[in-house]
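This is what each chain is made of:
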Amino acid sequence: MYLAHSETRSGGPPEALKEHLACVAARAAEYAAFFGAAREAETAGVLHDLGKYSELFLRRLRNEVSGLAPWSLGAYAGLACYEWKALAGAIAIQGHHTGLQVGSPSALKQSLNLERLKKNHPCGLRLTEQDHNTLLQRLQDDGLSLPSEPAESIYDPASPSVAGMLDVRMLFSALVDADYIETEAHFQGEADGTKCYRVAGPPLEPEQALGLLRDYLDNLRRSSRSAERVNRLRDDVLKACLGAAQRPLGLFTLTAPTGSGKTLAMLAFALQHAVEHKLRRIVMVIPYLTIIEQTARIYRQIFEPHFGHNYVLEHHSLTGAHERGGGGASEQDNEDSARRTAELLAENWDAPLVITTSVQCLESLFSNRPSACRKLHRLAGSVILFDEVQTLPPRLALPTLAILSRLTERYGASVMFSTATQPAFAHLHTKVREYGGPGWQPQEIVPNHWEVFDRSRRTRIDWNTKKTRAWEDLAGELGSGDNERVLCIVNLKRHAVRLVELLRESNTPGIFHLSTNMCPAHREQVLRAVGARLGSTPPQPCRLISTQCVEAGVDLDFPAVYRALGPLEAIAQAAGRCNRNGNLSEAGRVRVFRPELDGRCQYPPGGYGQAAEVTQTLLNMLSPQGMDIDDPRLFERYYKTLYDLTDSATVSDELDDALQRRDFVETAQFYRIIDQTTINVVVPYDTRAYEDLRQQLENDGRLTRAWIKRARPYTVSLFRPRDDDTVRHFLDPVPLGRHADSEDWYLYLEPTHYDDMLGLKPPKSVDLWIA
């Protein structure tokens, strides 16, 4: 008997190859049926481990030999049997262990050249047999068969690059997820050979979920402290979302002011849309972890009591970092079981409501790795919501828009872009079509959104950018009696530190600071303290000096906001923290200033500085009276100017070349939301937590998933320092085992470098060190 796998962990028998191939084929077909590729996925499932029909592989299971490639002949056999109609299946089979390689027919033909594979396998491995026909005969003798006629392929190599590569990834996703699930079920099986499958995620049940959401919104409305005109605005945005949800599947934008209830209105759209079109999943994509955690808490509050723990799934780097609380041994066991279930569901997004990061979602769509791609088939028949979409890097706009439009065209999905400052992506429609999909012409959900913005006016902006402002002068104004409660947002962390130090020197009361120099637990503590002061009676002084990390998803309401000149969308986000609930008797004050020059770069790296200069260019052209951030047409002009003047929406030569060659490896390498590589540094903000984490490392002797989850709230991200950087002297690498250290996780050794207000301050630190 030919085998697929060795004995189970509990001592159960090995798995017959016939059973594994049949189960993977059936499951892959089930997954791919959602996008009409069931037969092609089934064929790939039958062939994916064809090379295991060999005596050599049986010896491998007995640990007598190593270095085999049982997948190569399966990919070759697919092409031999069906020629180019099996192209997508062959690419998927070839990559189901090592990752997708290249999708062009010529490159695949070269990589699957049988004589080359026999003599010089690209992975340095050996084939398990010399003749694929021998393997096919053994497959047939084992009671399995291939279709006599090939299925219509999901992949057309002549299609535009991004669209065609997504088609391959979707088939690949169905195959690798089916293979993971079936392999896991075998090794988790009982001693008698019974497979043990993971718990499946619950269904969406959108009608019930929508009812729960409506009840929550009604209660929120009754208890709201916002001005009545703000509440009416939120009601109208919600009504528009529910109305638009009845439209056909496609691309949508939700352009509505900050504080208009977009987060819950988006969810209402998605649930109603799911009811109308029998969709099975909602994926909420958010750029910032702080917003994700805040959103997840609200969604769990609404749905968890009715649907249980697995209805809302978070998938990001902080998942599981915040424990639910203490309890006895049985309670801890239950928590561990629930946490493990959530981790398994996150591997392939087997949940009805997924909340994830832009990095996780978008980089997976362009990935070549099996672990990243296995969840992609779950996007078929889903509503995908993107919040704060203005954060999408312009250099990635074209391939990103193309891949999302392909999801709506081919995979029965709808995509919504939501923001108060909608980028002018429709301006790129023709260029998007060159990469695939129907282009980018979304439907606006709030058709009269100009009127909505006009009704939402809660601030007045003073543009004071003709002359630079000295930090000493600005600190004096922020510390005056006229600014007892004020938020000041600057572009760089060193600018924030400078202001805080000046305010400290003058003994100004009520100073707070927020930046990514501080770990998440520290920032959360500051936000709680600031929120308490803003809501206190009688009023307490509260002066928050912050970087851009406060500009999105942070529900603070200041009567006055100062903002250093920056990108126009950043200024609008800053204004969203001023008079947010509309309770002031007059418009809130937002003052835009240009900081004094200090001979160093005035902006973060990337296109930030270019966007700030476009803001100043428009200000020079239109005058302050024409710079109305409550008019969406200003942002359309701003983004068009930005794209035209800076050419920032142009795809890099490296990424464009990889896409045109259908090179999955290099595409994944060059499609990166965040350019610079960072490391994770656990800082001594909470001495007890820090020592507990250090002790756990000593006890375990290695980095574990559980340790990472505990460490995340106390972690600061640093751009990877050079070998000669001073900061390296204070970084202790976390051990991976007895003889290796992590290159991504470190403990910070000097507690005096962590300031109670400013966070991590390494000696001779520079802005580029801390991400």
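A.B. asks: Teacher, can you tell me more about the pattern of salt bridges here?
C.D. replies: Tallied over the entire structure, the rule returns 44 salt bridges. When the shortest N-O distance is used, the salt bridge between R27 and E182 registers 2.8 Å. Note that R27 is positioned in helix α1 (residues 17-32) and E182 in helix α9 (residues 161-187), a separation of 155 residues in sequence. A salt bridge links D628 to R457; the shortest N-O distance between them is 2.6 Å. One end of the pair, D628, is in the loop between α24 (608-626) and α25 (632-646); the other, R457, is in the loop between α19 (449-455) and β10 (459-469), and 171 residues separate them in sequence. A relative accessible area of 33% means that R457 is categorised as partly exposed.

A.B. asks: I would appreciate a short explanation of the packing of aromatic side chains in the present structure.
C.D. replies: Scanning all chains against the criterion turns up 18 aromatic pairs. On the numbers, 6.4 Å between centres and 85 degrees between planes, the contact of W471 with F593 is edge-to-face. Of this pair, W471 sits in helix α20 (residues 471-478) while F593 sits in strand β15 (residues 588-595), and the two are 122 residues apart along the sequence. Neither residue differs from the other here; W471 and F593 are each classed as buried. Residues Y603 and Y608 carry aromatic rings whose centres are separated by 6.1 Å and whose planes lie at 40 degrees to one another, so their mutual orientation is tilted. Per residue, the accessibility class of Y603 equals that of Y608, and both read buried. For the cation-ring pair, R280 lies above F34, with the distance from its terminal atom to the ring centre recorded as 3.5 Å. In this structure, R378 is placed above the aromatic ring of Y31, and the distance from its NZ or CZ to the ring centre is 5.2 Å.

A.B. asks: When you look at the nonpolar core in this model, what are you seeing that I'm missing?
C.D. replies: One broad rule of soluble globular proteins: the nonpolar side chains tend to lie buried together. Counting residues in each nonpolar core, the largest one holds 168 residues, and the members touching the most others are L365, F386, L407 and W707. In contact with L365, other than residues within four places in its own chain, are L166, R169, L376, L379, I403, L404 and L407. Of all hydrophobic cores here, the second largest spans 48 residues; its members include L204, A274, I302 and M416.

A.B. asks: When you look at unusual backbone geometry in this model, what are you seeing that I'm missing?
C.D. replies: A negative phi angle characterises most non-glycine residues, just as the trans form characterises most peptide bonds. T537 connects to P538 through a cis peptide bond whose omega is -5 degrees. Tracing the chain through its elements places P538 in the loop between α22 (520-534) and β13 (542-546). Even without a glycine there, the phi angle at N63 is positive, about 65 degrees. You can see N63 is positioned in the loop between α3 (55-61) and α4 (72-82).

A.B. asks: Help me out: how do you make sense of the pairing of strand β7 (residues 382-387) in this one?
C.D. replies: In the case of a regular strand, side chains alternate between the two sheet surfaces. Where burial is concerned, most of β7 is hidden: six out of the six residues are buried. The two faces of β7 match: S382, I384 and F386 on one face and V383, L385 and D387 on the other face are all buried. Where β7 meets strand β8 (residues 414-419), five bridges bridge the pair, whose relative direction is parallel. Along β8, the bridge assignment pairs L385 with M416.

About the criteria used
Counting from 1, residues in each chain are numbered in the order their sequence is written. For this predicted model, a pLDDT threshold of at least 70 governs which residues receive local features, and a threshold of 80 or more governs which side-chain atom pairs are given and counted, while totals over whole chains, interfaces and linings are taken from all residues. For the side-chain quantities, the full set of heavy atoms in the structure was used; hydrogens and water were omitted. Every case where a carboxyl oxygen of Asp or Glu lies within 4 Å of a side-chain nitrogen of Lys or Arg is listed as a salt bridge. Numbering of helices and strands runs from the N terminus; a helix is a DSSP stretch of H or I covering at least four residues, while a strand is a stretch of E covering at least two. Buried, partly exposed and exposed residues are distinguished by accessible area as a fraction of the type maximum, computed with a 1.4 Å probe on protein chains only: under 20%, between the cut-offs, and over 50%, respectively. For this analysis, a ring pair means two rings from Phe, Tyr or Trp (six-membered ring only for Trp) whose centres lie within 6.5 Å, classed as stacked if their planes differ by under 30 degrees, edge-to-face if by over 60, and tilted for the remaining angles. Any Lys NZ or Arg CZ found within 6 Å of a ring centre and within 35 degrees of that ring's normal is scored as a charge over the ring. In this description, a nonpolar core means a group of buried Ala, Val, Leu, Ile, Met, Phe, Trp, Tyr and Cys residues linked to one another through side-chain atoms lying within 4.5 Å. Contacts between residues were defined by any pair of non-hydrogen atoms, one from each residue, lying within 4.5 Å. For two strands to pair, DSSP has to find at least two bridges joining them.

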